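Breakdown of the fold
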Amino acid sequence: MMKRLMILVAGMGLLGYSASGQSKKELIEYADQAYEKGNFASSAYFYHQVVTGGGDPRFDATYPYEVSSWSGGAPKKIDSTESESLSPSQMRYQHATHMLANSYRELRDYDNAKLWYEAALQMPDEEFEYARYWYATVLISLEQYSKAQNEIETFMTEIDEDDEFYQLAQNQ
């Protein structure tokens, strides 16, 4: 009887320990709330946890029956037609990558912003249609003018002329 009780208590302790961790979905919710409140340091921290601290969609325990292979290295470039068929964990990873870049830009941490915009631009998302423009502004802040000019020109081919960001890009 005592042995069963000890096993039960140990099992409950392990269950409580595993339930105390935060899922990537929760981390993104925290990060989104922090970003909306203008707390960009906190949002960068939480998005960074999702993207690098086990936030890779290939390891997302939320969808245990989702099968995907891991080849290592940089994130695979996602075609805009592919983005419609992304799994929820891949969409969270994509969202977190774009928002991490935005958070670093808002913090004026341009080196990190550049790094994460480069990753984000490999994962196009309609929600972040101005990512290339913001990437170009980061390059300007880093005094990488020729590369910034190329990004501005590419951005202007991707967006409507009536869009206010088109006008902003023209003035850069």
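Here the structure is a predicted model, which is why all the values come from computation and not from measurement.

**Considerations on the packing of helix α2 (residues 24-36) against helix α3 (residues 40-52)**
- Relative to each other, α2 and α3 sit at 160°, their axes nearing to 8 Å. Taken as axis vectors, α2 and α3 run roughly antiparallel relative to one another. For the crossing formed where α2 meets α3, the hand is left-handed. Residues K24, L27, I28, Y30, A31, D32, A34 and Y35 of α2 form the contact with α3, whose participating residues are F40, S42, S43, F46, Y47, Q49 and V50.
- Residue classes in the contact of α2 with α3 are distributed as 10 nonpolar, 3 polar and 2 charged.

**With respect to the environment of Y93**
- Within the fold, Y93 resides in helix α4 (residues 88-106).
- We classify Y93 as buried; its relative accessible area is 11%.

**A word on the pattern of salt bridges**
- If you walk through the whole model with that rule in mind, you get 5 salt bridges.
- One salt bridge connects R105 with E106, and the closest N-O pair in it is separated by 3.7 Å.
- A salt bridge links K147 to E118, with the nearest nitrogen and oxygen atoms 3.5 Å apart. Of this pair, K147 sits in helix α7 (residues 145-158) while E118 is found in helix α5 (residues 110-120), placing the two residues 29 residues apart along the sequence.
- Judged by relative accessible area, which is 29%, E118 ranks as partly exposed.
- Three or more residues are tied together by salt bridges with common partners; here these are K114, E118 and K147.

Cut-offs and rules
- Residues numbered from 1 in each chain as written.
- Predicted model: local features only at pLDDT ≥ 70, side-chain atom pairs only at ≥ 80, totals over all residues.
- Heavy atoms only, no water.
- Axes fitted to C-alpha atoms, helices over the stretch in contact; angles between N-to-C directions.
- Helix = DSSP H or I, 4+ residues; strand = E, 2+ residues; numbered from the N terminus.
- Parallel < 35°, antiparallel > 145°, perpendicular 65-115°, else oblique.
- Left-handed = near helix turned anticlockwise from the far one by under 90°.
- Contact = heavy atoms within 4.5 Å.
- Nonpolar A, V, L, I, M, F, W, Y, C, P; charged D, E, K, R; others polar.
- Buried < 20%, exposed > 50% of the residue type's maximum accessible area, 1.4 Å probe, protein only.
- Salt bridge = Lys/Arg side-chain N within 4 Å of Asp/Glu carboxyl O.

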